[in-house]
Amino acid sequence: MVYSIGHMSNSRKQAPLSRDEIIKMKTVCQMAAQVLSHTGRFVKPGITTDELDLIADDFTKSIGGTSACIGYGGYPKATCISVNEVVCHGVPSSYKVKEGDILNIDVTVKKDGFFGDNSKTIMVGKVSSNAADLVDTAYKAMMIGIETITPNGFTGDIGFETNKLVTRRGYTTIKEIGGHGIGRVFHGDPFIPAFGKRGKGEKIIPWTCFTVEPMVNEGTDEFIEFDIPNSGIKYYKTADKKLSAQFEHTVLITDTGYEILTLNN
Ligand code: MF3
Ligand code: CO
Ligand code: CO
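Residues numbered from 1 in each chain as written. Chains lettered and ligands numbered in written order. Predicted model: local features only at pLDDT ≥ 70, side-chain atom pairs only at ≥ 80, totals over all residues. Heavy atoms only, no water.

Engineer: Account for the coordination of the cobalt ion (ligand 2), with residues named and values stated.
Structural biologist: Asp117 (OD), His180 (NE2), Glu213 (OE) and Glu248 (OE) make up the full set of protein donors to the cobalt ion (ligand 2), lying at 2.0 to 2.2 Å. For the cobalt ion (ligand 2), the six donor atoms in the first shell make angles of 51 to 163° at the metal, so the coordination geometry reads as irregular. In this structure the cobalt ion (ligand 3) is found 3.2 Å away from the cobalt ion (ligand 2), and Asp117 serves as a bridging donor for the pair. With Glu213 in the loop between strand E9 (209-212) and strand E10 (215-217) and Glu248 in the loop between strand E13 (244-246) and strand E14 (249-253), this pair connects stretches of sequence that are 35 residues apart. (Donors = N, O, S within 2.8 Å, 3.2 Å for Na, K, Ca; no water. Tetrahedral: all angles 85-135°; square planar, octahedral: opposite > 155°, others 65-115°. Helix = DSSP H or I, 4+ residues; strand = E, 2+ residues; numbered from the N terminus.)

Spelled out as structure tokens, the structure:
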């Protein structure tokens, strides 16, 4: 989701979750992880992103969940599938996946009033070595961000480590779009940046959940916005049409650390 930096409003604040709510979050996040892993197995040259979206939607229903994306701000599909230079919120279509593509599939499931959100970038067949390195960097960027989480620390700590890793590897991070509080709502505070300063940003509160989902670009961090018909949601492409990759997990903050809720077990 897109936030203006520094955005703050009490209505978006996430109150700590009860034990019962944590169980519901764990359940829905495991469902989201299953849908992502199931759908990912069907990625091969020739399949359309619409077909992948249908596979995800059917599987979500078969395990008793619903897609949080359909109808969200008028968004038309069950998943976001962002191919190559698409940064995020790519809309599934009749596009046929081809060898060499990198494809981010982003799945959000809703169950019992709670949301679980995760994504991964899949390499189709043999991809260029720079594409593979970018995808590896995006994964490591997400993981270092997660590993940096400290209860009562700051969101800027996460962004700082993420951006440092990405910059060292010669890539850039998207600044205006990032992770978000999640739980009883799909998108809430805090904003989780892929850049920042240690000790800055918002405080990380135990027993809340948020996503870590850095977007990593091969070239410029600038992007162009595109409208999705009949929807308030936009999708984005890199301004230089170079590649962009992303991974996303939903994380629970505990009093001593964190737990990744969308790990595929
Ligand atoms: N799952 C996306 C995220 O990571 C949000 C998609 S919203 C949609 O926050 F409407 F585009 F589906
Ligand atoms: Co998200
Ligand atoms: Co997502």
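Engineer: Quick rundown of the coordination of the cobalt ion (ligand 3)? Include the residues and the values.
Structural biologist: Asp106 (OD), Asp106 (OD), Asp117 (OD) and Glu248 (OE) make up the full set of protein donors to the cobalt ion (ligand 3), lying at 2.1 to 2.4 Å. Bound by six donor atoms, the cobalt ion (ligand 3) shows angles of 58 to 170° at the metal and therefore irregular coordination geometry.

Engineer: Give me the sheet that holds strand E3 (residues 86-88): which residues, what numbers.
Structural biologist: As summarised here, the arrangement of the three strands in space is E3-E12-E11, forming an open sheet in which the pairing is antiparallel. Edge positions in the open sheet fall to E3 and strand E11 (223-227), since each of these has one partner strand only. When the angles between neighbouring strand axes are averaged without regard to direction, this sheet yields 40°. Judged from the five bridges that link them, E11 and strand E12 (residues 234-238) form a sheet pairing that is antiparallel. Among the inter-strand pairings, Phe226 is bridged to a residue of E12, identified as Tyr235. (Pairing = 2+ DSSP bridges. Axes fitted to C-alpha atoms, helices over the stretch in contact; angles between N-to-C directions.)

Engineer: How would you explain the site of ligand 1 if you had to name every residue and give the values?
Structural biologist: Around ligand 1 there are 15 residues in total, and Asp106, His180, His187, Glu213 and Glu248 lie nearest to it. Within the side chain of Thr108, a nitrogen or oxygen atom sits 3.2 Å from a nitrogen atom of ligand 1. Contact between ligand 1 and Glu213: an oxygen atom at 2.9 Å from a side-chain N or O atom of the residue. In the complex, the protein chains occlude 99% of the 340 Å² of accessible area that ligand 1 would expose alone. Each residue belonging to the shell around ligand 1 can be placed in one class, and the counts come to seven nonpolar, four polar and four charged. (Near = heavy atom within 4 Å. Polar contact = N/O pair within 3.5 Å; in protein donor to acceptor, adjacent residues only side chain to side chain. Areas by Shrake-Rupley, 256 points an atom, 1.4 Å probe, with all protein chains shown as cover. Nonpolar A, V, L, I, M, F, W, Y, C, P; charged D, E, K, R; others polar.)

Engineer: Describe in detail the sheet that holds strand E6 (residues 172-173), supporting the description with residues and values.
Structural biologist: Overall, antiparallel pairing links the three strands, which are arranged E6-E10-E13 in an open sheet. Where the open sheet ends on each side, the last strands, each with one partner, are E6 and E13. The pairing of E6 with E10 spans two bridges and is classified as antiparallel. From the neighbouring strand, Thr173 faces E10, where its bridge partner is Val216.

Engineer: Tell me about the pattern of salt bridges, and name the residues and values.
Structural biologist: On inspection of all chains with the given rule, the structure shows 16 salt bridges. Here Arg12 makes a salt bridge to Asp189, at a shortest N to O gap of 3.4 Å. Separated by 177 residues along the polypeptide, Arg12 in the segment before helix H1 (19-40) and Asp189 in strand E8 (residues 188-192) bring together distant segments of the chain. An identical accessibility class is assigned to Arg12 and Asp189; each is buried. Here Asp227 ties to Lys234 by a salt bridge, and the two come within 2.5 Å at their closest N and O atoms. Residue classification places Lys234 among the partly exposed residues on the basis of a relative accessible area of 26%. (Salt bridge = Lys/Arg side-chain N within 4 Å of Asp/Glu carboxyl O. Buried < 20%, exposed > 50% of the residue type's maximum accessible area, 1.4 Å probe, protein only.)

Engineer: Tell me what's going on with the nonpolar core, and back it up with residues and numbers.
Structural biologist: Met25, Val43, Leu103 and Ile105 are the most contacted members of the largest nonpolar core, which has 36 residues in total. With eight residues, the top contributor of residues to this core is H1. Excluding anything up to four places from it in sequence, Ile105 contacts Leu36, Thr39, Gly40, Val43, Cys80, Ile81, Asn118, Ser119, Lys120 and Ile122. Core analysis: the next-biggest nonpolar cluster, separate from the first, contains 26 residues, Val135, Ile146, Ile204 and Val212 among them. (Core = buried A, V, L, I, M, F, W, Y, C linked by side-chain atoms within 4.5 Å. Contact = heavy atoms within 4.5 Å.)

Engineer: Run through helix H3 (residues 129-147), naming residues and quoting values.
Structural biologist: When the terminal C-alpha atoms of H3 are compared, their 27 Å separation across 19 residues agrees well with the 27 Å that a helix rising 1.5 Å per residue should span. Buried within H3 are the following residues: Ala131, Leu134, Val135, Thr137, Ala138, Ala141, Met142, Met143, Gly145 and Ile146. (Expected span 1.5 Å × (residues − 1).)

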